[in-house]
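Here is what each chain is made of, one letter per residue.
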Amino acid sequence: MTEIANGNGDQTVVRRITCVGAGYVGGPTCAMIAYKSPQITVTVVDMNKERIDAWNSDSLPIFEPGLEDVVMKCRGTNLFFSTDVPEAIRSADLIFISVNTPTKMYGKGAGMAPDLKYVESVARSIAEHAQGPKIVVEKSTVPVKAAESILSILEDAQRRSNNNLTFQVLSNPEFLAEGTAMRDLASPDRVLIGGEDSEEGQRAVAALVNVYASWVPRDRILTTKTWSSELSKLVANAFLAQRISSINSVSAICEATGADVREVAKAVGCDERIGSNFLNASVGFGGSCFQKDVLSLVYLCESLHLDKVADYWNGVITINNWQRRRFADAIVSELFNTVAGKKIAIFGFAFKKSTGDTRESSAIHVSKHLMEEEARLAVYDPAVTEKQMRQELVMETSEKSVNKLVTVFSDPYEAAKDAHAIVILTEWEEFKTYDYARMYNAMSHPAAFFDGRLLFKRKDIEAIGFHFFGIGSAPSHLSEVGYIL
Ligand SMILES: NC(=O)c1ccc[n+]([C@@H]2O[C@H](COP(=O)([O-])OP(=O)(O)OC[C@H]3O[C@@H](n4cnc5c(N)ncnc54)[C@H](O)[C@@H]3O)[C@@H](O)[C@H]2O)c1
Ligand SMILES: O=c1ccn([C@@H]2O[C@H](COP(=O)(O)OP(=O)(O)O[C@H]3O[C@H](CO)[C@@H](O)[C@H](O)[C@H]3O)[C@@H](O)[C@H]2O)c(=O)[nH]1
């Protein structure tokens, strides 16, 4: 193999990787690359010193099964975390841009378009500090043609420089899911790399292919045009989110008719053409990606004057918001149309199990609705800190309401004591193991149980004495008698 980051020979060999953005993607992805490729030195940089300090400590900034083990094996050997962005840019052959691209909250496209200011600021840092040839890789989720904007900024620097600067920009979106990040990275369904058709573009693509080929079978590494790669990421998330909204829309039909959404999902998913994954009805999808990326796709369609296509994908978001609201409304209505002053135990605040991440969690939205009705919330989550819960709720409501209405518990039994209801909002496995009869005895009566995650069977919970409301399963009188049109 020949050194190519400097363009000599036919093959480019990447020896030094820098990743800008030490978040949920940058941290685990780079830890995996360092672990699988000991010959590559990987440096992860971030402008957030607190986050970098945590990556360098015994208490990593994100909770992800298997991550700590890999980080501890590589850190200080070929994996480094630093705030020195300029130096990391200078020393790298290949630079991942792995910064956040949240939904823009101001100006044109507010509430829809992704905010690309962080991506652009990294491109400008690279333009300022790079010396020699660099492969720049978009790992962040971005709209189609973002690579073009990055390249314009870099080419401007190239024109003005006299130090052998050259750039290739690739798209390499990340498909890991939180909670299973290390497994997804170790054994991805596919790695997608988009690049330019030119000889230099294809050489850069081959260099990145070689990085992944250390552990990913070659037939799982797909290479495409840059724009196809960028669009595929948005479309993949839109398809996944669409499945959840589809089954959630069916859950409402089930509740109204006496059908059971679990049975319907199983029957439908048995068809190999449909498949059984991502058909779990729920209180609505959360997380930092689905809503943001579907909105980004909708905005793209609107910008292209494809209004019918925009409407189609926007329906995914409409149903998700409706599902959250519907569940919160059901809690109020089942508790005799008032929750004011009533203690309600909220089990689960993370947007899904096996993560401490609360971004866009449905728990925030359901809690907000209940707080508007003046319920007193007793919140328990095995992985989310009190500080994090309070921050999320303050952003959606006010500090005054949070101080007045929210108490965070570290023991679920204490959270449930004297409560009028238990509300399941995250699918943590440990929730299935509790002694609910013990909780029931210590609650206010009549006691209700709201399952927003299909973790429980109606008959088991009703046998304890609870009044049960579950997503996608009809109240007993409908199940027994059947629905008459
Ligand atoms: N979280 C996921 O599961 C996931 C999965 C696939 C793709 N993605 C996409 O990957 C991207 C990153 O997501 P994330 O969840 O890791 O975000 P994150 O918010 O956890 O991390 C981003 C980091 O980038 C840093 N940063 C921002 N601008 C910077 C700059 N100019 N210089 C240095 N550091 C800077 C921030 O301080 C932050 O620590 C997003 O585009 C997201 O849509 C996320
Ligand atoms: O059948 C299902 C599956 C998921 N969910 C919910 O959907 C949300 C998202 O779940 P998941 O996709 O597992 O987690 P993320 O970490 O958000 O991962 C998604 O978003 C990432 C960021 O783009 C992508 O990389 C991943 O491929 C994509 O799965 C969570 O609230 C889940 O509880 C359901 O309600 N029902």
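Residues numbered from 1 in each chain as written. Chains lettered and ligands numbered in written order. Predicted model: local features only at pLDDT ≥ 70, side-chain atom pairs only at ≥ 80, totals over all residues. Heavy atoms only, no water.

## Comments concerning the packing of aromatic side chains
- Inspection of every chain in the model, using the stated rule, returns 21 aromatic pairs.
- Aromatic pair tyrosine 440 and phenylalanine 466: ring centres 5.0 Å apart, planes at 70°, arrangement edge-to-face. Pair noted here: tyrosine 440 is in helix α17 (residues 436-441) and phenylalanine 466 is in the loop between α18 (458-464) and β14 (467-470), with a separation of 26 residues, a long-range link.
- Judged by its relative accessible area of 4%, phenylalanine 466 falls in the buried class.
- A centroid spacing of 6.2 Å and a plane angle of 45° characterise the contact between phenylalanine 450 and phenylalanine 469, whose relative ring orientation is tilted. Residue phenylalanine 450 is located in strand β13 (residues 448-451), and its partner phenylalanine 469 is located in strand β14; the two are separated by 19 residues in the primary sequence.
- Looking at arginine 326, its charged tip hangs above the ring of tryptophan 322, at a distance of 5.0 Å from the centre. (Phe/Tyr/Trp six-rings, centres within 6.5 Å; stacked < 30°, edge-to-face > 60°. Helix = DSSP H or I, 4+ residues; strand = E, 2+ residues; numbered from the N terminus. Buried < 20%, exposed > 50% of the residue type's maximum accessible area, 1.4 Å probe, protein only. Lys NZ or Arg CZ within 6 Å of the ring centre and 35° of its normal.)

## Quick look at the environment of leucine 377
- Residue position: leucine 377 is located in strand β10 (residues 376-380).
- Taking the C-alpha atoms as reference points, leucine 377 and alanine 447, 70 residues apart in sequence, are found 15 Å from one another.
- Leave out the neighbours within four places in its chain, and leucine 377 touches Ile344, Ile346, Ser367, Leu370, Met371, Leu405, Val406 and Thr407. (Contact = heavy atoms within 4.5 Å.)

## Section: the confidence of the model for the protein
- On average, residues of the protein carry a pLDDT of 94, and 96% of them reach 70 or more.
- The low-confidence segment residues 1-8 (pLDDT under 50) makes 22 contacts with residues lying over four places distant or belonging to another chain.
- When the criterion is pLDDT under 50, residues 478-485 qualifies, and its contacts beyond four places in sequence or with other chains add up to 10 contacts.
- Across the predicted assembly, pTM comes out at 0.95 and ipTM at 0.98. (pLDDT = per-residue confidence, 0-100.)

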